[in-house]
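Each chain is listed here by its residues.
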Amino acid sequence: MGRGRQAFSCDVDRGAWGELLEAISIATTEPIAALRSATLQVYAGVLWGDLAPQGRARWVLPIVKRGTLRDGFGVQYCPICLATDAVPHLRLHWRLAFVVACERHGCLLQDRCDRCAAPVAPHRWRTGPLRELGSSGIWRCHGCGADRRDHTNPAAVHASVLEIQRMLLSALAQGGVLLDGQAVFGMAFFPGIAMLLSFLDDARESGRVWPVLQLTPPDFVRNSGARYGGFERQDVSARAELLRGLAAIWAVGFDEFLGRLAKQRVSSGRLLRYAARLRTSAPFWYLRMIKNHLDRSSYVPTDQEIDGAIGHLKSSSPMASTTIRQVCQLLGMATNSSARVASRLRACA
């Protein structure tokens, strides 16, 4: 498999090297092209430009390697699928963070053993006292030997989560999506989705964002201040909750959602600040919609407009003092504090 290369200390789903593919091709008689298409490299050009073989990657569930051990829950499975497969096998798209449910059975995927909470690590079953002849680490837990196929009553998934997952998988398969009559290619579409999920997962915004969707902020979001990592590091149930919020945004429409945020005085910067964290830039469709609804920074009122607003407020409430905040809000400015407004208030005193 190549000198100095250790297959089980790598994430081979993220891109097996040439010698490994050649060795597997000889052993299985499968063409190298077919083997390569069974790795996450098949999504290159849609989810990412170039997927690094190691390190954090957007949309890929981390397996968190420690030699041949696994400390992360990066491999998911559907117990019903494993129980009904002619040959139990894991699906490639189960490695994607926005995939949380089995489309066939409508149930929540599992990312750990329901008996001992060990992550899925099929290669660890190859040795040890629990191993039995003819068994497989695909359906046997390496930690306790539990049969993953026995758990035939997994948790149900909300219909909206299944629907938004289907939409994302469809965009992945087609290489893009149609938004407001405009074709948006995958590498522009999915960064915007990542920013929306980060927005939904921000404890600072949860009190305003989730209620406008008529949803209660999940507990893990409200308590996310001390939590490390992003969407990919969440467990499957938490990711399902965030996808439910995304589904609610899609149901009401992006324009309506941003309109509701505007009424809550949410600025455009709130939705754009995740670009640095995600190491990307806001895609054109996402930026355009936000600018249209939330960004009023280009509007600079004249002195006459400010004086007129001050006069209106003073005449409306002659007994009350007029504040800078009131003037800014009346003029629809993107700030509640302005040196020019303060100066005009002093001049009109």
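Quick note: structure is the one above.
Residues numbered from 1 in each chain as written. Predicted model: local features only at pLDDT ≥ 70, side-chain atom pairs only at ≥ 80, totals over all residues. Heavy atoms only, no water.

### Quick look at the overall build of the protein
For clarity, the cut-off: A run of H or I in DSSP becomes a helix once it reaches four residues, and a run of E becomes a strand once it reaches two; helices and strands are each numbered from the N terminus. The atom set for the radius of gyration is the C-alpha atoms, and the globule formula is 2.2 Å times the number of residues raised to the power 0.38. Note on classification: 1.4 Å probe, protein chains only; a residue is buried when its accessible area is under 20% of the maximum for its type, exposed when over 50%, partly exposed between these limits.
When its secondary structure is counted, the protein shows 15 helices and four strands. Taken over the C-alpha trace, the protein has a radius of gyration of 26 Å; the compact-globule value for 349 residues is 20 Å, which it surpasses by more than 25%. For the protein, the spread of C-alpha atoms along the three principal axes comes to 90 × 40 × 35 Å. Looking at the 349 residues of the protein, the share that counts as buried comes to 46%.

### A closer look at unusual backbone geometry
Phi is positive for Thr 29, close to 65 degrees, though the residue is something other than glycine. Tracing the backbone shows Thr 29 in the loop between helix H1 (18-28) and helix H2 (32-36). Although it is not a glycine, Arg 265 sits at a positive phi angle of roughly 65 degrees.

### Examining a nonpolar patch on the surface
Stated formally: Here a patch means residues that are over 30% exposed by relative accessible area and free of salt bridges, tied together within 9 Å if like-charged and within 5 Å if nonpolar (Val, Leu, Ile, Met, Phe, Trp, Tyr). Method for areas: the Shrake-Rupley scheme with a 1.4 Å probe, in which residue coverage is limited to the protein chains shown. Salt bridge, as used here: a side-chain nitrogen of Lys or Arg that lies within 4 Å of a carboxyl oxygen of Asp or Glu.
On the surface, a cluster of nonpolar side chains totalling about 280 Å² of accessible area is made up of Phe 185, Met 187 and Phe 284. Of note, Phe 284 is situated in helix H12 (residues 284-293).

### Section: the pairing of strand E4 (residues 182-185)
The criterion, for reference: Two strands pair under a simple rule: DSSP has to find at least two bridges between them.
Relative to E4, strand E3 (residues 176-179) runs antiparallel, the two being bridged by four bridges. Bridged to Leu 178 within E4 is Ala 183. With antiparallel pairing between neighbouring strands as the criterion, E3 and E4 make up a hairpin whose turn holds two residues, including Asp 180 at a positive phi of roughly 50 degrees.

### Focus: the state of the cysteines
Filter applied, for reference: The term disulfide is used for any two cysteine sulfur atoms that are within 2.5 Å.
Evaluation of the coordinates by the stated rule reveals zero disulfides. Sulfur of Cys 107: no disulfide; nearest cysteine sulfur belongs to Cys 78 and is 3.8 Å away. Cys 328 forms no disulfide, and the closest cysteine sulfur to it belongs to Cys 348, at a distance of 14 Å. With relative accessibility at 0%, the residue Cys 328 sits in the buried group.

### Let's talk about the packing of helix H4 (residues 159-174) against helix H8 (residues 236-252)
To be explicit about the condition: Helix axes are fitted only over the stretch in contact, all axes being lines through C-alpha atoms; the angle between N-to-C directions runs from 0 to 180 degrees. If an angle is under 35 degrees, it is roughly parallel; if it is over 145, roughly antiparallel; if it lies from 65 to 115, roughly perpendicular; otherwise it is oblique. Two residues qualify as a contact provided that any one of their heavy atoms is within 4.5 Å of a heavy atom in the partner residue. Amino acid classes used here: Ala, Val, Leu, Ile, Met, Phe, Trp, Tyr, Cys and Pro are nonpolar; Asp, Glu, Lys and Arg are charged; the rest, including Gly, are polar.
Running from N to C, H4 and H8 point in directions that differ by 80 degrees, and their axes come no closer than 8 Å. The angle between the axes of H4 and H8 places the two elements in the roughly perpendicular class. Of H8, the residues touching H4 (which contributes Ser 160, Val 161, Ile 164, Met 167 and Leu 168) are Ala 240, Leu 243, Arg 244, Leu 246, Ala 247 and Trp 250. Along the lines of polarity and charge, the residues of the contact of H4 with H8 split into nine nonpolar, one polar and one charged.

### Some details on the packing of aromatic side chains
Aromatic ring pairs are defined here through the distance separating the ring centres and the angle between the ring planes. Convention followed: Only the six-membered ring of Trp is used, alongside the rings of Phe and Tyr, when aromatic pairs are assigned; centres must lie within 6.5 Å, and planes under 30 degrees apart are stacked while those over 60 apart are edge-to-face, with the rest tilted. Criterion for a charge above a ring: Arg CZ or Lys NZ at most 6 Å from the ring centre, at most 35 degrees from the ring normal.
A full pass over the atoms with the stated rule returns eleven aromatic pairs. On the basis of an interplanar angle of 70 degrees and a centroid distance of 5.2 Å, the ring pair of Phe 189 and Phe 190 is categorised as edge-to-face. Following the ring pairs from residue to residue traces out a cluster consisting of Trp 59, Phe 98, Phe 189, Phe 190, Phe 231, Trp 250, Phe 254, Phe 257, Trp 285 and Tyr 286. Seen from the ring of Phe 73, Arg 112 lies directly overhead, with NZ or CZ sitting 3.7 Å from the centre. Just above the ring of Tyr 77 sits the side chain of Arg 148; from NZ or CZ to the centre is 5.4 Å.

### Observations concerning H8
Operational definition: Expected span, for any helix, means 1.5 Å times one less than how many residues it has.
Spanning 17 residues, H8 covers 25 Å between terminal C-alpha atoms, matching the ideal 24 Å at 1.5 Å per step. Buried residues of H8: Val 236, Ala 238, Arg 239, Ala 240, Leu 242, Leu 243, Gly 245, Leu 246, Ala 247, Ala 248 and Ile 249, and no others. Positioned one or two residues after H8, Gly 253 has a phi angle of 95 degrees, which is positive.

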